[in-house]
Amino acid sequence: ATARTVIARVAPLGSRLVLALVEDRTREKRVEAVRRDFVANVSHELKTPVGAIRLLAEAVTEAADDPEAVERFASRMLTESDRLTTLVQQIIELSRLQGDDPLEAPVSVSLDDVVAAAVDTSTIDAGAKRITLVTTGDHELHVFGSLDQISAAVSNLVANAVAYSDEGSRVLVSTKALGDTAQISVVDQGIGIPAREIDRIFERFYRVDPARHRSTGGTGLGLSIVKHVAATHGGDVNVWSVEGQGSTFTLTLPLQPHALDGDGEPSGPV
Ligand code: ADP
């Protein structure tokens, strides 16, 4: 090839390379912007409970001769510090899920165990609102992945269903095998989600009109965690909701392919 044809062949390659580098830089900038946003959001979200605890501590000091007021302020301090703990735990969890190796040492995870643990975690809150928690569907389904992550995801969905439901309603957790996937659905008869908000609820720190459910003290991180857990496991999460009637969140995860051994227990991935 003459020098000219070589240059002619290299030129488009070169411009593609430049384009790739530009795209890379743009991506890097976007990632950096998302990170900066996250840090700004985290700082802002942490300031609220820390500020509240400070104000309440001052109020306790000033109300020293009013035992009833002291008790009231102290109890609110407890609530705020619990909220702070949850927030910090969820931020750590989310940053781990966004790291390089979110699924460190995957194991066979029993969905029966996951659902039982999630229901267990919400039993007290459900009881306080006389909400009936019902489980139904297929048993002995297994997913290959992280027990902690899948438990956190399902627990978040069940806790939300209870938090955003009225007294005396019902929350159903159903587990079904569908083709080569497991579908865990959490169905509530709660306040529902306005159609215009539904695309945003999986965003970090996004809460639908916090004023309508201030008492739940949520962080806005739960569904973001659920979404990341689904993604790291090659699954998905979907929501269907009618405002004022209720919501159904369905977490879909790939079933662990397994050969049944003698005692009917899955013998691991193949
Ligand atoms: P939060 O800690 O606020 O519950 P999430 O990320 O878990 O944060 O949920 C985001 C928002 O989506 C909630 O603040 C709430 O407005 C809405 N939401 C989540 N689950 C439900 C549900 N089951 N019913 C009604 N609204 C819900």
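Rules used in this analysis
As a convention, each chain's residues are numbered from 1 in the sequence order in which they are written. The predicted nature of this model means local features are confined to residues of pLDDT at least 70 and side-chain atom pairs, given and counted, to a pLDDT of 80 or more, with totals for whole chains, interfaces and linings taken over all residues. Only heavy atoms go into the side-chain values, all of them from the structure, while hydrogens and water stay out. UniProt positions are given in the numbering used here, feature names are shortened, and annotations may be inferred rather than shown by experiment. Numbering goes from the N terminus for both helices and strands, where a helix is a DSSP run of H or I of at least four residues and a strand is a run of E of at least two. When checking whether two residues touch, look at their non-hydrogen atoms; a contact exists if any pair is within 4.5 Å. Definition of nearness: a residue and a molecule or strand are near each other if at least one heavy atom of the residue lies within 4 Å of the molecule or strand. N or O atoms closer than or at 3.5 Å make up a polar contact, with two conditions inside protein: a donor-capable atom paired with an acceptor-capable one, and, for residues adjacent in sequence, both atoms drawn from side chains. Exposure was quantified through the Shrake-Rupley algorithm and a 1.4 Å probe, taking into account, for residues, occlusion by the shown protein chains and nothing else. All amino acids are sorted into three groups, where Ala, Val, Leu, Ile, Met, Phe, Trp, Tyr, Cys and Pro are nonpolar, Asp, Glu, Lys and Arg are charged, and the leftover types, Gly among them, are polar. Only rings of Phe, Tyr and Trp enter the pairing, Trp through its six-membered ring, and a pair is recorded when the two centres are within 6.5 Å. The plane angle decides the type: under 30 degrees is stacked, over 60 is edge-to-face, the rest tilted. Burial status follows relative accessibility: with a 1.4 Å probe on protein chains alone, a residue under 20% of its type maximum counts as buried, one over 50% as exposed, and anything between as partly exposed. Two limits define a charge over a ring: the Lys NZ or Arg CZ must be within 6 Å of the ring centre, and within 35 degrees of the ring normal. Simply put, an axis is a line fit to the C-alpha atoms, just over the touching stretch for a helix, and the angle between two N-to-C directions goes from 0 to 180 degrees. Oblique is the label for every angle not falling under 35 degrees (roughly parallel), over 145 degrees (roughly antiparallel), or within 65 to 115 degrees (roughly perpendicular). Throughout, a crossing is termed right-handed when the near helix is turned clockwise from the far one, and left-handed when it is turned anticlockwise from it by less than a right angle. Being paired, for any two strands, means DSSP has found at least two bridges between them.

Per an unreviewed UniProt entry, the recorded name for the protein chain is Sensor-like histidine kinase SenX3, and the organism is Nocardioides currus. You can read under Catalytic activity (unreviewed entry) in the UniProt record for the protein chain the words "ATP + protein L-histidine = ADP + protein N-phospho-L-histidine." According to the UniProt record, the Subcellular location (unreviewed entry) comment for the protein chain reads "Cell membrane".

**Q** Explain the overall build of the protein chain to me, and be specific about the residues and the numbers.
**A** The helix and strand tally for the protein chain stands at 5 helices and 9 strands. Starting at the N terminus and walking to the C terminus, you meet the elements of the protein chain as α-α-β-α-β-β-α-β-β-α-β-β-β-β. In the protein chain, once contacts between residues fewer than 6 apart in sequence are set aside, the share between residues at least 24 apart is 68%.

**Q** Describe in detail the site of the ligand, supporting the description with residues and values.
**A** As a matter of local geometry, the ligand sits amid 21 residues, with N160, Y164, R207, T219 and L223 nearest to it. Separating an oxygen atom of the ligand from a side-chain N or O atom of Y164 is a distance of 2.7 Å. The separation between a nitrogen atom of the ligand and a polar side-chain atom of D188 is 2.8 Å. Burial of the ligand by the surrounding chains reaches 97%, relative to a free accessible area of 530 Å². A class-by-class count of the residues in the shell around the ligand yields 10 nonpolar, 8 polar and 3 charged.

**Q** Help me get a handle on the packing of aromatic side chains, residues and values and all.
**A** Applying the stated criterion to the full structure yields 2 aromatic pairs. An angle of 70° between the planes, with centres 6.3 Å apart, marks the rings of F202 and F249 as edge-to-face. In this pair, F202 sits in the loop between strand 5 (181-188) and helix 5 (222-232) while F249 sits in strand 7 (residues 246-254), placing the two residues 47 residues apart along the sequence. The pair formed by F202 and F249 is uniform in burial state, with each residue classed as buried. Between R72 and the ring centre of F73, over which it is positioned, the NZ or CZ distance is 5.5 Å.

**Q** Can you lay out the packing of helix 2 (residues 67-97) against helix 5 for me, pointing to particular residues and giving the numbers?
**A** Where helix 2 contacts helix 5, the axes come no closer than 10 Å and their chain directions differ by 25°. When the axis of helix 2 is compared with that of helix 5, the two are roughly parallel. The chirality of how helix 2 crosses helix 5 is left-handed. Note on element contacts: helix 5 touches helix 2 through G222, S224, I225, H228, V229 and T232, opposite Q90, E93, L94 and L97.

**Q** Break down the sheet that holds strand 7 for me, citing the residues and quoting the values.
**A** In spatial order, the strands read 2-4-5-7-6; together these 5 strands make up an open sheet with mixed pairing. The open sheet has two edge strands, strand 2 (132-137) and strand 6 (236-242), and neither has a second partner. The average undirected angle you get between the axes of adjacent strands in this sheet is 15°. Relative to strand 7, strand 6 runs antiparallel, the two being bridged by 7 bridges. For W240, the partnering residue across the bridge sits in strand 7 and is T248.

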